[in-house]
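Read off the chains here:
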Amino acid sequence: MARLFGRGYAAVNYPTGMNLGGDPSQALIHATTTGTFVISLSSVDLGQGLKTVVAQCAAETLGLPIENILVDTADTDTGPHCMGTFASRGTHRIGNAVIMAATEARAVLLDVAAEELEVDAADLETDGTGYVKLKGSEQRKIHITDLAMAAHFTHGRTISGRGVYMKDKSEVVPETGEMDPDSCQAHACTVAEVEVDDETGIVEVLAMYSVYEVGRALNPAMATQQVEGGAWMGISHALFETTEPYYPVRDHGPRDFTEYLMPGAGDIPVQHSVLLERPAATGPFGAKGIGEMTANSPIPAIANAIFDACGVRLEHMPFTPERVLRGIDELHAG
Amino acid sequence: MPSRIVTLTVNDADHELIATPGLTLLAALRDALGLTAAKRGCAQGTCGSCVVLLDERAVPACLVPVETVDGAAVRTLEGVAAGGELDEVQSAFLDGFATQCGFCTSGMIMAAEALLADNPSPSRQDVVEAISGNVCRCTGYEPIVAAVLDAARRRAGRTA
């Protein structure tokens, strides 16, 4: 009886967004009287960090501090349309829509500033700290708060912008099978190192190495967290979670969290994650979607590592001790 | 069974509330006192999202009938930031990206507070055990474990 070491890898290419009847998201942005730019969205931030990332996109495009951005999400009664938070589409689709809206708003912002400063709008720049100023001059400048006040109360203007990112439905070319269903694809590879206990059948993931080509990591800390949180879900899918452990027989299904197993803090491997950036032409600042894919490659990587460790080729998840032991028995019987 | 009047000291403030039979500490905190940081996840003590400090011990508030803890001192996440300043655990969670959707965060922080009060310089294994009753579905746990260890270092640095 022994603990057998194995290493396996798996790679994944993953589409950003979907290709049903087209895939649009819209964004509206407007300045309040004091120069806060409110981004209105129907889109949902369910913890993945959409609000942070679109605020970054808006701040970068407007040339203003991120503190000047307020993101108002998730009201589908009153917000501009969004297809939803799924298909790894949020950062790409909504980020693009927000950049478009912020670009339009920036043009108005510079136009009003030009009137206030009595210069040509083309000669103005933003300095990233909240000022719009004449290029090359330290004196001819106006703060965004004063600018927004002037727009509202002197010029009767709204500093606002509209954005829509519309991925048209892509039809298949009958002759060749060609199509563009997804705008861009992210790529990743995961290596899993495991130990298989050939007496108990328990598989322990010792370490996990992941490399993700994400286009551009708009927020590297959150992108890394998505990679590692997703890997946890993959490990959980590979080794722990199931609602029907003897599918298609529905017996012994878990009824609650005491029976539905998930890895806890003590079951996690050491993770090493690397992000590679090859900007996508269609992406917001080059970003691709890496939402769903992060749970994918850990599963076949673990299956391959189990095979490497003990020669058992498992084809049904989760890779429970029972399945591992039955596999080992079959090998010995053969 | 009749209802009872129960006295609790919650985040240093005394409260009297009517405890109907079987009313949980979690329901009392959320519904009677409006303290909604502790979350109702599984309501059976297995997810940890409702963990609060009860007389300085971390407990799942969903399993505590409030009539059984008359006179107890309770601390919730709302009572952690003294004077509106985030404490070391909260700061470490914030700086270390130890929260994503946030549903487990309150319970995680309270479990960490109980650990650090008892053991100011925990090992990684101590941290893992302290949060073993808390489920997180987003982070993969690593940022949380790292944040609790970071909080211990910050607290040691502050008191040194």
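Values in this document were obtained by computation on a predicted structure and should not be read as measured data.

To continue, consider the overall build of chain B. Scanning chain B from N- to C-terminus turns up five helices and five strands. When the helices and strands of chain B are placed in sequence order, the string is β-β-α-β-β-β-α-α-α-α. Taken against the 2.2 N^0.38 rule, which gives 15 Å for 160 residues, the C-alpha radius of gyration of chain B at 16 Å falls within 12% of a compact globule. Considering chain B as a whole, with its 160 residues, one finds that 46% of them fall into the buried category. Taking the intrachain contacts of chain B between residues at least 6 apart in sequence as the baseline, contacts between residues at least 24 apart amount to 60%.

All names here are of chain A. Summarising the sheet, strand E1 (residues 3-15) and strand E9 (residues 185-197) pair through 13 bridges and their orientation is antiparallel. Note that in E9 the partner of alanine 10 across the bridge is threonine 190. One ladder, built from 10 bridges, connects E9 with strand E10 (residues 203-213); its direction is antiparallel. Across the sheet, residue glutamate 193 finds its bridge partner in E10, namely alanine 207. Linking E9 back to E10 in an antiparallel pair, the connection comprises five residues, with glycine 201 at a positive phi of about 80 degrees.

This part takes up the interface of chain B and chain A. Facing the 19 residues of chain B at the interface are 18 residues of chain A. When grouped by side-chain class, the residues that make up the side of chain B that touches chain A number 11 nonpolar, seven polar and one charged.

What follows covers the sheet that holds strand E4 (residues 57-60) of chain B. Pairing between the strands of a sheet is mediated by backbone hydrogen bonds and can be parallel or antiparallel. Residues and elements named next belong to chain B. The strand order across the open sheet formed by five strands is E2-E1-E5-E3-E4, and the pairing between neighbours is mixed. If you trace the sheet from one side to the other, it starts and ends with strand E2 (13-19) and E4, each paired once. Taking the axes of each pair of neighbouring strands and ignoring which way they run, one obtains an average angle of 40 degrees across the sheet. When strand E1 (residues 4-10) meets E2, the two strands line up antiparallel, connected through seven bridges.

The next point concerns helix H2 (residues 90-117) of chain A. Residues and elements named next belong to chain A. With 28 residues, H2 ought to run about 40 Å at 1.5 Å a step, and its terminal C-alpha atoms sit 38 Å apart, in line with that. By the criterion of burial, H2 is predominantly enclosed, with 20 of the 28 residues buried. Taken from the residues just after H2, glutamate 118 is the one with a positive phi, measuring 55 degrees.

Residue and element names in this part refer to chain B. The domain architecture assigned to chain B consists of domain 1 (4-79) and domain 2 (82-159). Centre-to-centre, using C-alpha coordinates, domain 1 lies 21 Å away from domain 2. Looking at the side of domain 1 that touches domain 2, the elements that each hand over two or more residues are strand E3 (51-54) and E4. In terms of residues, the side of domain 1 that touches domain 2 owes the most to one element, E3, which gives three residues. The residue inventory of the side of domain 1 that touches domain 2, partitioned by class, reads nine nonpolar, two polar and three charged.

Here we come to helix H3 (residues 105-118) of chain B. Residue pairs three or four apart in sequence face the same way in an α-helix, which turns once every 3.6 residues. Residues and elements named next belong to chain B. The first and last C-alpha atoms of H3 sit 20 Å apart over 14 residues, in line with the 20 Å expected at 1.5 Å per residue. With respect to burial, H3 is a largely interior element, 12 of its 14 residues being buried. Those residues of H3 not exposed but buried are Thr105, Ser106, Gly107, Met108, Ile109, Met110, Ala111, Ala112, Glu113, Ala114, Leu115 and Leu116.

Turning next to the domain arrangement of chain A. Residues and elements named next belong to chain A. Domain annotation for chain A reports domain 1 (3-16 + 183-333) and domain 2 (23-167). Measuring from the centre of the C-alpha atoms in domain 1 to the corresponding centre in domain 2 gives 39 Å. Residue-level contacts link 16 residues of domain 1 with 15 residues of domain 2. Taken together, the residues of the side of domain 1 that touches domain 2 sort by class into seven nonpolar, seven polar and two charged.

As a further point, take the packing of H2(A) against helix H3 (residues 144-153) of chain A. Residues and elements named next belong to chain A. Remark: H2 packs on H3, axes separated minimally by 10 Å, with the N-to-C direction vectors making an angle of 85 degrees. One finds that H2 runs roughly perpendicular with respect to H3. Where H2 approaches H3, its residues Leu109, Val112, Ala113 and Glu116 are matched on the opposing element by Leu147, Ala150 and Ala151. Classifying every residue of the contact of H2 with H3 by side-chain character gives six nonpolar, no polar and one charged.

In this section: the sheet that holds strand E3 (residues 37-40) of chain A. All names here are of chain A. In space, the four strands of this open sheet follow the order E4-E3-E2-E8, with mixed pairing throughout. Two strands bound the open sheet, and with one partner strand each, they are strand E4 (69-72) and strand E8 (160-167). Put simply, the sheet's adjacent strands are angled 20 degrees from each other on average, direction ignored. With four bridges connecting them, E3 and E4 associate as parallel partners. Residue pairing in the sheet places serine 40 in a bridge with aspartate 72 of E4. Across the sheet, H2 is in contact with strand E2 (23-31), E3 and E8; its angle to E8 comes to roughly 150 degrees.

Residues and elements named next belong to chain A. Ala58, Val98, Ile302 and Ile306 are the most contacted members of the largest nonpolar core, which totals 131 residues. Ranked by residues supplied to this core, first place goes to H2 with 13 residues. Those residues in contact with valine 98 that lie beyond four places of it in its chain are Ala27, Ile39, Val54, Cys57, Ala58 and Gly163.

Cut-offs used in this document
- Residues numbered from 1 in each chain as written.
- Chains lettered and ligands numbered in written order.
- Predicted model: local features only at pLDDT ≥ 70, side-chain atom pairs only at ≥ 80, totals over all residues.
- Helix = DSSP H or I, 4+ residues; strand = E, 2+ residues; numbered from the N terminus.
- Rg over C-alpha atoms; globule rule 2.2 N^0.38 Å.
- Buried ≥ 20, exposed ≤ 12 C-beta atoms within 10 Å, placed from the backbone.
- Contact = placed C-beta atoms within 7 Å.
- Pairing = 2+ DSSP bridges.
- Nonpolar A, V, L, I, M, F, W, Y, C, P; charged D, E, K, R; others polar.
- Axes fitted to C-alpha atoms, helices over the stretch in contact; angles between N-to-C directions.
- Expected span 1.5 Å × (residues − 1).
- Domains from an automatic or database assignment.
- Parallel < 35°, antiparallel > 145°, perpendicular 65-115°, else oblique.
- Core = buried A, V, L, I, M, F, W, Y, C linked by C-beta atoms within 7 Å.

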